[in-house]
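# Analysis of the macromolecular model
One letter stands for each residue in the lines below.
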Amino acid sequence: MITADQLLLHLIGDYPLQSTWMAQRKTAHKGVALAHALVYGALFWLLAPTLSAWLTIVLSHAVIDH
């Protein structure tokens, strides 16, 4: 189930907090994709997920964006 707070964090993490530099390079460089995913994932830590859930969010986001 996707909640409103998750959707809001997703939008904030993928737009205002993603620099132009990250957006332009994340598909070409795994490290940039991971850096973006960590910034993105930092927001989701506010929802107090388990470590495994947080890692799933961060790693899957890095793979999808790369």
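A few points on the structure. (Residues numbered from 1 in each chain as written. Predicted model: local features only at pLDDT ≥ 70, side-chain atom pairs only at ≥ 80, totals over all residues. Heavy atoms only, no water.)

### Focus on the side chain of His-36
Under the convention used in this document: Where helices and strands are cited, they refer to DSSP runs of H or I of at least four residues and of E of at least two residues respectively, numbered from the N terminus. Between buried and exposed lies partly exposed: a residue is buried under 20% and exposed over 50% of the maximum accessible area for its type, with that area taken using a 1.4 Å probe on protein chains only. Whenever two N or O atoms come within 3.5 Å, that pair is a polar contact, provided that in protein one can donate a hydrogen and the other can accept it, and provided that, for residues adjacent in sequence, both atoms are side-chain atoms. Throughout, a residue-residue contact means that at least one pair of heavy atoms, one from each residue, lies within 4.5 Å.
Note on placement: His-36 falls in helix H3 (residues 30-44). For His-36, a relative accessible area of 0% gives the class buried. At 2.9 Å, the side chain of His-36 forms a polar contact with the side chain of Asp-14. Once residues within four sequence positions are removed from consideration, His-36 is found in contact with Gly-13, Asp-14, Gln-18, Met-22, Lys-26, His-61 and Asp-65.

### Some points on the packing of aromatic side chains
Short version of the rule: Note on aromatic pairs: the rings of Phe, Tyr and Trp (six-membered ring only in Trp) are paired at centre separations within 6.5 Å, and the planes decide the class, stacked below 30 degrees, edge-to-face beyond 60, tilted for the rest.
Applying the stated criterion to the full structure yields 2 aromatic pairs. Each ring, one from Trp-45 and one from Trp-54, has its centre 5.5 Å from the other, and the planes form 80°; the classification is edge-to-face. Taking relative accessible area as the criterion, Trp-45 reaches 46% and is therefore assigned partly exposed.

### Some points on helix H4 (residues 51-65)
Applicable threshold: Here the expected span of a helix is defined as 1.5 Å times the quantity of residues minus one. Directions are taken from the helix axis to each C-beta atom, and the arc is the one they span.
Taking 1.5 Å as the rise per residue, H4 with 15 residues should run 21 Å; its terminal C-alpha atoms sit 21 Å apart, in good agreement. Those residues of H4 that sit buried are Trp-54, Val-58, His-61, Ala-62 and Asp-65. Around the axis of H4, the buried residues are gathered within 100° of arc, so they sit on the same side. The outward face of H4, more than 90 degrees from its buried face, is lined by the exposed residues Ser-52, Thr-56, Val-63 and Ile-64. Where the residues of H4 are buried, they touch helix H1 (4-14) and H3.

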